Structures are given as C-alpha cells and as structure tokens.
Amino acid sequence: MKIALDAMGHDAGPAPLVEGAVLALREFTQISRLLLTGDTAQLEALLKKHNCNDSRIEIVHTTQVVEMHDSGLDAVRKKKDSSISRAVDLVKSGEAEAVVSAGNTGAAVAACTIKWRMLLGIDRPAIAAMMPTEKGRHFVLCDAGANPDPTQQHLEDNAFMAVAYCEHVLNRPNPTVGLLSNGTEEFKGNALTLATHGLLKASGLNFYGNVEGHDLFEGTVDVVVADGFTGNVVLKTSEALAKSIFRLLKRELYANPVRKAGAWLCKPAFLSVRAVTNADEYGGMPLLGVDGNCIIAHGGSSPFAVKNAIRAACSSIQHPLNPHIVEAVQRSHDSAKNAPQPA
C-alpha cells in the first residue's frame with residue numbers, strides 16, 4: 001500500500017505527523033511506501049530524532065504550507081507547491097493510493113475535488129465520521145464538515161454514500177438512515193430538512209425518519225445525515241464533551257484517598273469507555289464522493305491519532321468503496337427518472 005502524508009498540515013507543525021508516521025511504519029507491514037510531502041530538512045531532522053531510517057519512507061520536497069486561516073480554494077490555486085497539493089498530486093499520478101491530511105480541511109477538500117474530480121453522479125463531497133453509541137456500535141455522521149451549504153439532493157447523496165460505507169466497509173447489511181432535525185415528527189425542521197425528508201422517504205433506503213440530538217448516542221440508526229455545518233458542530237461538540245467529562249471525573253476521583261482507591265479498582269472500566277469515546281482511536285475520516293482515497297484528520301491530532309489515520313487510509317485501499325457509491329447513486333437516479341410523474 002502506497003500512502004501520501006501531508007507532513008506539514010498540522011496545528012503544531014510536522015513533529016506529530018512524523019512521529020505518527022514512524023509509529024505506523026512499525027505497526028503496519030502492509031505499507032510498502034509512505035511518501036511525506038513537506039520541507040526536506042525539517043522532515044529528515046525529525047526522522048533522525050526518532051532513529052527512523054525505514055526504506056519505505058520517501059520525502060517529497062515542497063516549498064509551501066497551507067495555513068489554517070487560508071481559504072481552501074485560494075490555497076489550491078495560489079500554493080501549488082504546498083504539502084497538501086503535492087500529496088493529492090501523488091495519488092492522481094498513481095505514485096500513491098491514498099492521502100492523509102490533518103491540515104486545512106477546506107484546502108484538502110478543494111484539492112481532492114479539483115484535482116481528482118467527483119465520482120459520477122455526485123456533485124459535492126462529504127466527510128463520514130464514526131461516532132460511538134451506548135450499544136457499542138458506531139453510527140456514521142455524514143456530512144461532518146465538507147459541504148456546509150448543501151442542497152437537498154446533496155443530502156440525499158450523502159445518505160447513499162454513507163450507506164455504501166456502512167455496507168461495504170463496516171459490513172452492515174441494509175443500514176438504517178436518520179435525518180438530523182430538531183424533532184422526530186415529519187413536519188419538524190427547516191426548509192432544507194423538510195425537503196430532504198421527502199427525498200429520503202422515497203429513496204428506497206431503510207429510512208428511519210428524523211432523529212434528534214438525544215437519539216444519536218443511543219444507537220437509534222446506523223447513518224445520520226446532516227449538512228456539513230451542523231455535522232461539524234455536532235462532531236466537535238461531542239468530542240469536546242467526552243474530554244471534559246473525563247477531566248471532571250479525574251478531578252473528582254482524585255479529591256480524596258477513598259475516591260482514589262475506588263478509581264483504581266474501576267480503572268479498567270474507565271479505560272474501556274475512554275477508548276470508545278476517544279477520537280484518536282479512529283484517527284481520521286474518509287472524504288466520500290471524490291474519485292480517490294482521502295482521510296481527513298484533526299488539526300490537533302496526536303501521533304497516535306496520526307498513526308490511526310494512516311491505518312484508516314490502509315483500510316480505504318483494502319476496501320474499495322467508490323465503485324459501490326457510483327452504483328448506488330446511479331441506481332437511485334435511474335429510479336427517479338423512471339418514476340411516474342404527477343399529472
């Protein structure tokens with residue numbers, strides 16, 4: 001497996017990315033080539049620091065970095081030699097099979113969309129985020145930040161893409177689909193939600209109906225469809241809440257010796273819950289709808305999270321999803337064309 005890592009795209013610079021790359025190479029023998037795009041001098045110094053001379057690593061020198069405040073589209077147009085642009089180019093040329101980026105999400109989405117183009121039948125990309133539930137199963141939140149201003153057709157396409165992900169990557173037959181809204185009743189929601197509800201109801205998918213915030217983590221559905229703005233807020237708020245709860249628990253459990261003793265006895269349970277709710281365990285999120293494999297990671301990813309993002313890239317190569325997305329969307333569009341028109 002050949003993977004390109006945007007080695008300059010991180011809030012803290014390349015150090016966490018290089019450390020994560022080293023961890024990935026030590027654990028994942030299926031990686032045949034890991035291409036690091038970025039400043040050669042910095043990357044070589046960091047690899048030397050970790051005593052890494054793995055022959056599978058190749059540095060692709062770049063002279064520009066996309067900052068987090070840069071416009072995604074402008075970054076692709078004006079910074080053609082940036083680490084993210086070159087990483088995406090490597091996939092386009094066939095030198096790599098997937099790209100991993102923890103940098104500017106807008107730039108990563110724009111680069112993949114412009115350079116790879118969209119899959120047949122898909123107009124806009126979407127990010128699929130794995131979210132934990134009380135039942136131990138995860139649900140897929142789609143979109144988690146790629147397209148903040150979608151149409152109802154884009155949201156229907158998000159549903160088809162996320163269902164294909166559930167079926168062919170998570171091995172869940174006939175997954176249930178919910179539409180995120182402010183009430184479970186069919187008449188609840190804004191104009192976009194109401195219009196999308198009608199499309200999903202007639203889509204042939206296993207549509208559950210509207211779901212509210214409190215339904216999400218109960219595991220009511222396998223797929224939750226949302227616009228990219230709302231989905232990103234849900235994702236970041238959920239992750240921040242999980243971290244806050246564990247900080248509060250730690251503070252209270254260390255308040256006195258008796259509580260400390262109880263915490264020690266319960267430590268395995270706390271670690272299990274933390275593993276389920278820790279975003280670093282998942283590493284990155286696939287960008288669906290583009291004609292290639294891209295994993296989007298958080299800008300503040302730890303080295304452990306970077307390692308797992310690279311693992312997710314390996315999985316995206318191992319389970320080719322795009323042909324299934326094209327087939328599902330095309331089948332839906334054909335059904336819509338052949339449906340009887342109202343008089």
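Residues numbered from 1 in each chain as written. Predicted model: local features only at pLDDT ≥ 70, side-chain atom pairs only at ≥ 80, totals over all residues. Heavy atoms only, no water.

## Some remarks on the overall build of the chain
Phase 1: Secondary structure summary: the chain contains twelve helices and eleven strands in total.
Phase 2: Computed over the C-alpha atoms, the radius of gyration of the chain is 21 Å, within 12% of the 20 Å expected from 2.2 N^0.38 for a compact globule of 343 residues.
Phase 3: Viewed in the frame of its principal axes, the chain has a C-alpha envelope of about 70 × 60 × 35 Å.
Phase 4: Buried residues in the chain amount to 49% of all 343 residues.
Phase 5: When contacts within the chain are restricted to residue pairs at least 6 apart in sequence, those whose partners lie at least 24 apart make up 71%. (Helix = DSSP H or I, 4+ residues; strand = E, 2+ residues; numbered from the N terminus. Rg over C-alpha atoms; globule rule 2.2 N^0.38 Å. Buried < 20%, exposed > 50% of the residue type's maximum accessible area, 1.4 Å probe, protein only. Contact = heavy atoms within 4.5 Å.)

## As for helix α6 (residues 152-168)
Phase 1: Its 17 residues place the ends of α6 25 Å apart at the C-alpha level, agreeing with the 24 Å of an ideal helix rising 1.5 Å per residue.
Phase 2: Most of α6 is tucked away, with 13 of its 17 residues classed as buried. (Expected span 1.5 Å × (residues − 1).)

## What about unusual backbone geometry?
Phase 1: In this structure, D143 follows C142 across a cis peptide bond, with omega equal to 25 degrees.
Phase 2: Here D143 lies in the loop between β6 (138-142) and α6.
Phase 3: Positive phi, normally seen in glycine, also occurs at N51, with a value near 50 degrees.
Phase 4: As for its placement among the helices and strands, N51 is situated in the loop between α2 (40-49) and β3 (57-61).
Phase 5: On the accessibility criterion, N51 (68% relative accessible area) is exposed.

## Here's the deal with the nonpolar core
Phase 1: Counting 69 residues, the largest nonpolar core has W116, L141, V223, V224, L287 and I325 as its most contacted members.
Phase 2: Ignoring sequence-local partners within four residues, the contact set of L287 consists of V109, C112, P125, A126, I127, A146, C294 and I296.
Phase 3: Ranked by size, the runner-up nonpolar core spans 31 residues in total, among them V18, A21, V22 and L34. (Core = buried A, V, L, I, M, F, W, Y, C linked by side-chain atoms within 4.5 Å.)

## Points about the sheet that holds strand β11 (residues 294-297)
In a beta sheet, neighbouring strands pair by backbone hydrogen bonds and run either parallel or antiparallel.
Phase 1: The eleven strands lie next to each other as β3-β2-β1-β4-β11-β10-β5-β6-β9-β7-β8, forming an open sheet whose pairing is mixed. Each having just a single partner strand, β3 and β8 (206-211) make up the two edges of the open sheet. The average undirected angle you get between the axes of adjacent strands in this sheet is 25 degrees.
Phase 2: Direction of pairing for strand β5 (residues 126-132) relative to strand β10 (residues 284-288): antiparallel, over a ladder of two bridges. Paired with A126 across the strands is L288, a residue of β10.
Phase 3: Packing against the sheet, α6 makes contact with β5, β6, β7 (176-180), β9 (223-225) and β10, and its axis sits at approximately 165 degrees to β9.
Phase 4: Together, β7 and β8 form the strand contacts of helix α7 (residues 191-201), whose direction differs from that of β8 by roughly 160 degrees. (Pairing = 2+ DSSP bridges. Axes fitted to C-alpha atoms, helices over the stretch in contact; angles between N-to-C directions.)

## Digging into the environment of I317
Phase 1: Position of I317 among the secondary structure elements: in helix α11 (residues 303-318).
Phase 2: Judged by relative accessible area, which is 15%, I317 ranks as buried.
Phase 3: Between the alpha carbons of I317 and M1 there is a distance of 7.4 Å; along the sequence they are 316 residues apart.
Phase 4: Not counting residues up to four positions away in its chain, the partners in contact with I317 are M1, K2, I3, E97, A98 and N293.

## A look at the packing of helix α1 (residues 15-27) against α2
Phase 1: The N-to-C vectors of α1 and α2 enclose an angle of 50 degrees; their axes lie 10 Å apart at closest approach. Here α1 is positioned oblique relative to α2, judged by the angle of their axes. As for how α1 packs across α2, the hand of that crossing is right-handed. Seen from α1, the contacting residues are A15, V18 and V22; seen from α2, they are L43, L46 and L47.
Phase 2: Partitioned by chemical class, the residues of the contact of α1 with α2 number six nonpolar, no polar and no charged. (Parallel < 35°, antiparallel > 145°, perpendicular 65-115°, else oblique. Left-handed = near helix turned anticlockwise from the far one by under 90°. Nonpolar A, V, L, I, M, F, W, Y, C, P; charged D, E, K, R; others polar.)

## Section: the side chain of D227
Phase 1: Tracing the chain through its elements places D227 in the loop between β9 and α9 (228-253).
Phase 2: Buried and without a salt bridge, D227 has K236 as its closest oppositely charged side chain, separated by 13 Å.
Phase 3: Within the local environment of D227, its side chain forms a polar contact with the backbone nitrogen of T230, the two atoms lying 2.8 Å apart.
Phase 4: Excluding residues within four positions of it along the chain, D227 makes contact with D143, N147, P148, P150, L155 and L192. (Lys, Arg positive; Asp, Glu negative; His and termini not counted. Salt bridge = Lys/Arg side-chain N within 4 Å of Asp/Glu carboxyl O. Polar contact = N/O pair within 3.5 Å; in protein donor to acceptor, adjacent residues only side chain to side chain.)

## Describing the pairing of β3
Phase 1: With five bridges connecting them, strand β2 (residues 33-38) and β3 associate as parallel partners. Residue pairing in the sheet places L34 in a bridge with I57 of β3.
Phase 2: Handedness of the β-α-β unit built from β2, α2 and β3 comes out right-handed. (Right-handed = clockwise from strand over helix to strand, strands pointing away.)

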